[in-house]
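Summary of the model geometry
One letter stands for each residue in the lines below.
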Amino acid sequence: VHSAYVHAHRRVIEQRAVDELRQEIEQKMRSDVCQSRVERLRLHVTDNILTLRCPNRECAQAFYDFDGCFALACAKCRHNFC
């Protein structure tokens, strides 16, 4: 009887450990998915919103640095814009 109790108790402890590990893994996976989405959105903002680009939709060349006047000419497609 005692050995059956010890065996059952051990199974309960092992099952609790498995359940805790499963919860930790699921939480980590949700966190990774969330971080991945945040990183994709951050890159979208950086690349598509904060970066000045040629307004010609066929070109969309990025301008990272320029001097002087805001009257620009795209070096790639020669489109002029302000």
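Our structure is the block above this text.
Worth saying up front: this structure is predicted, and the values here are computed from it rather than measured.

Thoughts on the pattern of salt bridges
Proximity of charged atoms lets side chains of opposite charge pair with each other. In total, this model carries three salt bridges according to the counting rule given. A salt bridge links K28 to D32, with the nearest nitrogen and oxygen atoms 3.3 Å apart. Taken as a pair, K28 and D32 lie in helix α1 (residues 2-50) at a separation of four residues, close to a single helical turn. Relative accessible area serves as the criterion here: at 35%, D32 is assigned to the partly exposed category. Note that E39 is salt-bridged to R42, the shortest N-O span being 2.7 Å. Taken together, the residues E39 and R42, both in helix α1 and three residues apart, mark about one turn of the helix. A relative accessible area of 42% places R42 in the partly exposed class.

Section: unusual backbone geometry
Although it is not a glycine, A60 sits at a positive phi angle of roughly 55°. Mapped onto the secondary structure, A60 falls in the loop between β1 (52-53) and β2 (62-63). Given a relative accessible area of 29%, A60 falls into the partly exposed group. One non-glycine residue, R78, lies in positive phi territory at about 65°. Residue placement: R78 occurs in the loop between β3 (72-73) and β4 (80-81).

Re a nonpolar patch on the surface
Together, L21, I25 and M29 line one region of the surface with nonpolar side chains, adding up to about 320 Å² of accessible area. For I25, the position within the fold is in helix α1.

Calculation criteria
Residues numbered from 1 in each chain as written. Predicted model: local features only at pLDDT ≥ 70, side-chain atom pairs only at ≥ 80, totals over all residues. Heavy atoms only, no water. Salt bridge = Lys/Arg side-chain N within 4 Å of Asp/Glu carboxyl O. Helix = DSSP H or I, 4+ residues; strand = E, 2+ residues; numbered from the N terminus. Buried < 20%, exposed > 50% of the residue type's maximum accessible area, 1.4 Å probe, protein only. Patch = residues over 30% accessible without salt bridge, like charges linked within 9 Å, V, L, I, M, F, W, Y side chains within 5 Å. Areas by Shrake-Rupley, 256 points an atom, 1.4 Å probe, with all protein chains shown as cover.

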